[in-house]
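Examining the three-dimensional arrangement
Chain by chain, the residues run as shown.
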Amino acid sequence: MTVLVGYSSKYGATEGIAERIASVLRDFGIPTDARRVASVRNVSDYSVCIVGSSSYLGSWRPEASRFVRRYRSELATRPVWLFSSGPLGIAQTGAQHLREVTEARPKQFDEFVETIRPRGTQVFYGALYPERLDRRDRLVRKMPAGFEILPAGDFREWGAIEAWATGISGELVHTFAETK
């Protein structure tokens, strides 16, 4: 069993989440590759796929959506989990947290739940480092309310990310132990 943690990351926050997920799986002895989805040419080498992308305005990055659509028939035959990162802010508990995470759920998840039937989907808080932004995003951030919409900082919940990956590890160890 080898796991692919495929990701699309614009500024590096989602890449960091993917790397942490891969690290947790490796800690459980599960061979895992973390790779940009654009560099994956074939999913047949992987018995499990975890695919993640940053989300902007309610959508996954196009390369992540294309990846899932391109490999939908193969993904539908193996365990798959999907994750997204995107909401920024400090409301990491309570009703505001639930609202932010629900609103940040990429619209593609509904399609992918139908077509590939992932075992789980998850939205994680992201990070924003102003010095990494491209020109367009720097301009958006300078607009009225831009700093409120796009607050700077690292809001990733490492404990939640690690717990999610640990749950996947447990499920994989259990599933593949039954098939031996």
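Figured I'd write up the structure that's included with this text. (Residues numbered from 1 in each chain as written. Predicted model: local features only at pLDDT ≥ 70, side-chain atom pairs only at ≥ 80, totals over all residues. Heavy atoms only, no water.)

**Thoughts on the overall build of the protein**
- Counting its secondary structure elements, the protein contains eight helices and eight strands.
- In terms of overall dimensions, the protein is globule-like: its C-alpha atoms have a radius of gyration of 16 Å, near the 16 Å expected for 180 residues.
- Taken along its principal axes, the extent of the C-alpha atoms in the protein is 60 × 30 × 30 Å.
- Here the protein holds 180 residues, and 47% of them are scored as buried.
- Sequence-distant contacts, at least 24 apart, represent 79% of the contacts inside the protein between residues at least 6 apart.
- With an accessible surface of roughly 9200 Å², the protein has 52% of that area assigned to carbon and sulfur atoms.
- Looking at the protein, you have 25 positive and 21 negative side-chain charges, and the mean spots of the two groups are 6 Å apart. (Helix = DSSP H or I, 4+ residues; strand = E, 2+ residues; numbered from the N terminus. Rg over C-alpha atoms; globule rule 2.2 N^0.38 Å. Buried < 20%, exposed > 50% of the residue type's maximum accessible area, 1.4 Å probe, protein only. Contact = heavy atoms within 4.5 Å. Areas by Shrake-Rupley, 256 points an atom, 1.4 Å probe, with all protein chains shown as cover. Lys, Arg positive; Asp, Glu negative; His and termini not counted. Charge placed at Lys NZ, Arg CZ, Asp CG, Glu CD.)

**A short note on the packing of aromatic side chains**
- Taken as a whole and judged by the stated rule, the model has six aromatic pairs.
- Residues Trp60 and Phe112 carry aromatic rings whose centres are separated by 5.6 Å and whose planes lie at 50° to one another, so their mutual orientation is tilted. With a gap of 52 residues between them, Trp60 in strand E4 (residues 59-60) and Phe112 in helix H5 (residues 108-115) connect regions that are remote in the sequence. Here Trp60 and Phe112 have matching classes, each one buried.
- One aromatic cluster in this structure is built from Trp60, Phe109 and Phe112.
- Stacked on the ring of Tyr56, the Lys or Arg Lys10 has its end atom at 5.3 Å from the ring centre.
- The lysine or arginine in question, Arg20, covers the ring of Trp158, its NZ or CZ lying 4.0 Å from the ring centre. (Phe/Tyr/Trp six-rings, centres within 6.5 Å; stacked < 30°, edge-to-face > 60°. Lys NZ or Arg CZ within 6 Å of the ring centre and 35° of its normal.)

**Quick look at the nonpolar core**
- Grouped together as the largest cluster of nonpolar side chains are 21 residues, with contacts concentrated most on Val5, Ile21, Leu25, Ile50 and Phe83.
- For this core, the secondary-structure elements that each account for two or more residues are strand E1 (3-8), helix H1 (13-27), strand E3 (48-56), strand E5 (80-85) and helix H8 (158-178).
- Sorting elements by how many residues they give to this core places H1 first, with six residues.
- Setting aside residues up to four positions removed in sequence, Ile21 forms contacts with Val5, Ile50, Phe83, Ile161, Trp164 and Ala165.
- Grouped together as the second largest cluster of nonpolar side chains are 18 residues, Trp60, Leu75, Val80 and Leu82 included. (Core = buried A, V, L, I, M, F, W, Y, C linked by side-chain atoms within 4.5 Å.)

**A word on the pattern of salt bridges**
- With the rule as written, the count across this model stands at ten salt bridges.
- Here Glu15 ties to Arg36 by a salt bridge, and the two come within 3.6 Å at their closest N and O atoms. Placement of the pair is Glu15 in helix H1 and Arg36 in strand E2 (residues 32-36), with a sequence separation of 21 residues.
- Accessibility expressed as a relative area gives 27% for Glu15, which makes it partly exposed.
- Take Arg36: its relative accessible area is 33%, and that puts it in the partly exposed class.
- Across the pair Arg119 and Glu171 runs a salt bridge, and its minimum N-O distance is 3.0 Å. In this pair, Arg119 is assigned in the loop between H5 and strand E6 (120-124) and Glu171 in helix H8, connecting sequence segments 52 residues apart.
- Residues joined in a network through salt bridges with shared partners are Lys10, Asp134, Arg136 and Asp137. (Salt bridge = Lys/Arg side-chain N within 4 Å of Asp/Glu carboxyl O.)

**Quick look at the packing of helix H2 (residues 62-70) against H5**
- H5 packs onto H2 with a crossing angle of 15° between their chain directions and a minimal axis gap of 11 Å. What the angle tells us is that H2 and H5 run roughly parallel. At the point where H2 passes H5, the crossing takes the left-handed sense. Residues Ser65, Val68 and Arg69 of H2 form the contact with H5, whose participating residues are Gln108, Glu111 and Phe112.
- When grouped by side-chain class, the residues that make up the contact of H2 with H5 number two nonpolar, two polar and two charged. (Axes fitted to C-alpha atoms, helices over the stretch in contact; angles between N-to-C directions. Parallel < 35°, antiparallel > 145°, perpendicular 65-115°, else oblique. Left-handed = near helix turned anticlockwise from the far one by under 90°. Nonpolar A, V, L, I, M, F, W, Y, C, P; charged D, E, K, R; others polar.)

So, to be careful, I would describe these as geometric facts and stop short of saying anything about function.
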